[in-house]
Amino acid sequence: MVKSKQRKEFGDYQTPLPLAAAVCDLLARLGNAPAAVVEPTCGRGHLLLAALDRFPQATIAVGLDVDAGHLAGLRGTLADRATGRKVQLVHANFFATDWVGMLAELPEPLLVIGNPPWVTSAELGSLDSDNLPKKANFQRHIGLDAITGKSNFDISEWMLVRLMESLHGRSGTLAMLCKTAVARKLLFHAWKHDFLLGAAALYGIDAARHFGANVDACLLICDFRPGCRRKHARVFPGFDAKQPVLELGWRMERVVADVKAFDRWSHLAADGTDRSCVWRSGVKHDCAPVMELRAVGGRWYNKRGECLDLEPTYVFPLLKSSDVASGRTAAAAQGMIVTQSTVAAATEPIRLSAPKTWAYLLAHAPLLDGRRSSIYRKRPRFAVFGVGDYTFAPYKVAISGLYKKLRFEVVGSHEGKPVVFDDTVYFLACPSRREAERLARLLNSDPAREFYSAAIFWDAKRPVTIDVLKRLDLQKLAEHCGGVGHDAPSDDES
Ligand SMILES: C[S@@+](CC[C@H](N)C(=O)[O-])C[C@H]1O[C@@H](n2cnc3c(N)ncnc32)[C@H](O)[C@@H]1O
């Protein structure tokens, strides 16, 4: 157990030799001929060894790792090889290493190659590990993003940002095996900060086969060239692919998934001037066993199977992400207790206005009071998050953020009560069915679909985000679509 904890903590999954050789073959095919090779978390040094074989012109190679055992093993392997004399092994912690200083000593072109640990800061937290950089919130997430966990990051992201900063202004190549989501974050960082980058590419790898990891992963290759500021990256499905399947690019301060498609529809991009439609997310409560209910035979049950007797005041029909994604928006067999009408509203009045509901909340107070997220701290007892006028709008146009599906659904009220969503659903609040149908027609139109498809990364955990949704200007889309939305009011106009 200690061994497996340690393995997770240090992301200790060595690159198989055949994959290491294939990486170096690809780099050679792409024209790399480094004078110096560096492997920053080299472990047993499989990539370093493959690079020494593939790039005989390299005069020096440096391998660094925190694990003395791995380095001793590598030292033994190198002792049997003629190329071993070119190699310097450094037993050190990545986070305490002066990378700019180390690379400054080496001849160009450089090849910084590797496979940094794939563990996240949250996983390290649960392992009680301090294999972390000192300053954890390094991408400067502020406010709610920091509190709700956007500040969770991949250790490899932090390491690779440091390496990119150290290569800025130098001549060389960064070639790293990493999660595809991390590769995109690195491109975001590099393009946002105008790093001197030439060509960049992502080559898909089968992480399940090579590392037993169920995650999208790739070989990220970035060429650093003084004076060069290219901001696109070609995406290849595998090392043998000759043609890219997509080209990522930098548009409107974001990385987009398909730069050519995005450029076709760039006239629909939001510039921040249209404030008539605001995307919202559903209600966050972090206590499904208590706050989410199911209707059976005309009675409410909570997820613990308890049959409840509650006033209807605070119970709202609920649609979950899966309901929205599958278009099951009419039935509302589920409910949610929404204790506030705005995030600032007091909850104490529930005691008088709905005593049975208050008693129920009190009976489950240990669970509710024990919610760990700091968004509930210093807030009224039993508070929820993500509520406002929009939550109680009679009509909504909704999409699930979890599913790989671009379909917007009109959701009306249920038996006179507004339907609420869980916090993985995004929606626009609408005053009438007519408006909701107009917006849904626009959002489901071909131009909107193509626009969003160019911006969305379908391999992400939550491909559809508010950030992506708000990039489309609905006013401009309505103008582009001409007549869409000017239909006669429907029968059940509210
Ligand atoms: C995914 S393995 C890859 C090893 C090697 N680069 C390869 O491709 O086979 C990650 C390596 O990172 C090392 N590592 C983890 N945390 C480190 C740290 N803070 N400083 C230096 N090395 C570290 C581990 O010991 C492990 O060898």
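Conventions used here
- Numbers given to residues run from 1 along each chain, matching the order in which its sequence is written.
- Restriction of local features to residues with pLDDT of at least 70 applies here, the model being predicted, together with a cutoff of 80 or more for giving and counting side-chain atom pairs; totals for whole chains, interfaces and linings are based on all residues.
- Side-chain measures were taken over the full set of non-hydrogen atoms in the model, leaving aside hydrogen atoms and water.
- Under the DSSP-based scheme used, a helix requires at least four consecutive residues in state H or I and a strand at least two consecutive residues in state E, with every element numbered from the N terminus.
- Any two residues whose heavy atoms approach within 4.5 Å are treated as being in contact.
- By convention in these notes, a residue is near a molecule or strand provided one of its non-hydrogen atoms lies within 4 Å of it.
- The term polar contact refers here to a pair of N or O atoms within 3.5 Å; inside protein, the definition further demands a hydrogen-donor-capable atom paired with an acceptor-capable atom, and it admits residues adjacent in sequence only when both atoms are side-chain atoms.
- Here the open area of atoms and residues is found with the Shrake-Rupley method and a 1.4 Å probe, where only the protein chains shown may cover a residue.
- By the convention adopted, Pro, Cys, Tyr, Trp, Phe, Met, Ile, Leu, Val and Ala count as nonpolar, Lys, Arg, Asp and Glu as charged, and the other residues, Gly among them, as polar.
- In this description, strands pair whenever DSSP reports at least two bridges between them.
- The rule for a salt bridge is simple: a side-chain nitrogen of Lys or Arg has to be within 4 Å of a carboxyl oxygen of Asp or Glu.
- To sort residues, take the accessible area from a 1.4 Å probe on protein chains only and compare it with the maximum for the residue type: under 20% means buried, over 50% means exposed, and anything in between is partly exposed.
- Just so you know, the domain bounds were taken from an automatic or database domain assignment.
- A simple way to read buried area is as the amount of 1.4 Å-probe accessible surface that goes missing from two parts once joined, with both sides added.

**Student:** Give a detailed account of the side chain of S166, specifying residues and quantitative values.
**Tutor:** In this structure, S166 sits in helix α8 (residues 155-167). Once residues within four sequence positions are removed from consideration, S166 is found in contact with W99, V100 and L103.

**Student:** Outline the site of the ligand, listing residues and values.
**Tutor:** In the region of the ligand, 22 residues are neighbours, and T15, E39, T41, D65 and F94 sit closest. Within the side chain of E39, one N or O atom sits 2.6 Å away from a nitrogen atom of the ligand. Here a nitrogen atom of the ligand and a side-chain polar atom of N131 are 2.9 Å apart. If the ligand stood free it would expose 600 Å²; the protein chains cover 99% of that surface. Of the residues assigned to the shell around the ligand, the class counts are nine nonpolar, nine polar and four charged.

**Student:** If you had to explain the sheet that holds strand β15 (residues 315-319) to someone new, which residues and values would you point to?
**Tutor:** A sheet is described by the order of its strands in space; here six strands give the open sequence β14-β13-β12-β16-β15-β19, paired in mixed fashion. In this open sheet, the two edge strands, each paired with only one partner strand, are β14 (307-308) and β19 (420-421). With three bridges joining them, strand β12 (residues 292-296) and strand β16 (residues 334-337) adopt antiparallel strand pairing. Bridge pairing in β16 links R294 to Q334.

**Student:** Which residues make up the pattern of salt bridges, and what values go with them?
**Tutor:** Under the counting rule described, the total for this entry stands at 24 salt bridges. Where K476 meets D271, a salt bridge forms, and the shortest distance between an N and an O atom there is 3.4 Å. Of this pair, K476 sits in helix α20 (residues 474-481) while D271 sits in the loop between α11 (259-264) and β11 (280-281), placing them 205 residues apart in sequence. Each of the salt bridges in this network shares a partner with another, and the network as a whole consists of R254, D467 and R471.

**Student:** Outline the pairing of strand β5 (residues 172-179), listing residues and values.
**Tutor:** Among the eight residues that make up β5, eight are buried, leaving the element largely enclosed by the rest of the structure. Examined bridge by bridge, β5 and strand β7 (residues 217-224) share eight bridges and lie antiparallel to one another. Within β7, the residue paired with K179 across the bridge is A217.

**Student:** Any details on the domain arrangement of the protein? Residues and values, ideally.
**Tutor:** We note that the domain assignment places domain 1 (2-256) and domain 2 (280-480) within the protein. Between the C-alpha centres of domain 1 and domain 2 the distance comes to 40 Å. Counting residues at the interface gives ten residues for domain 1 and eleven residues for domain 2. Regarding the contact of domain 1 and domain 2, the summed buried area is about 880 Å², with carbon and sulfur atoms giving 59% of it. Scanning the region where domain 1 abuts domain 2 turns up two salt bridges. At the boundary of domain 1 and domain 2, one finds two residue pairs in polar contact (both at pLDDT 80 or more). Mapped by element, the contributors of at least two residues to the side of domain 1 that touches domain 2 are α7 (143-147), α9 (180-192) and β10 (254-256). If you tally residues by element for the side of domain 1 that touches domain 2, the top one is β10, at three residues.

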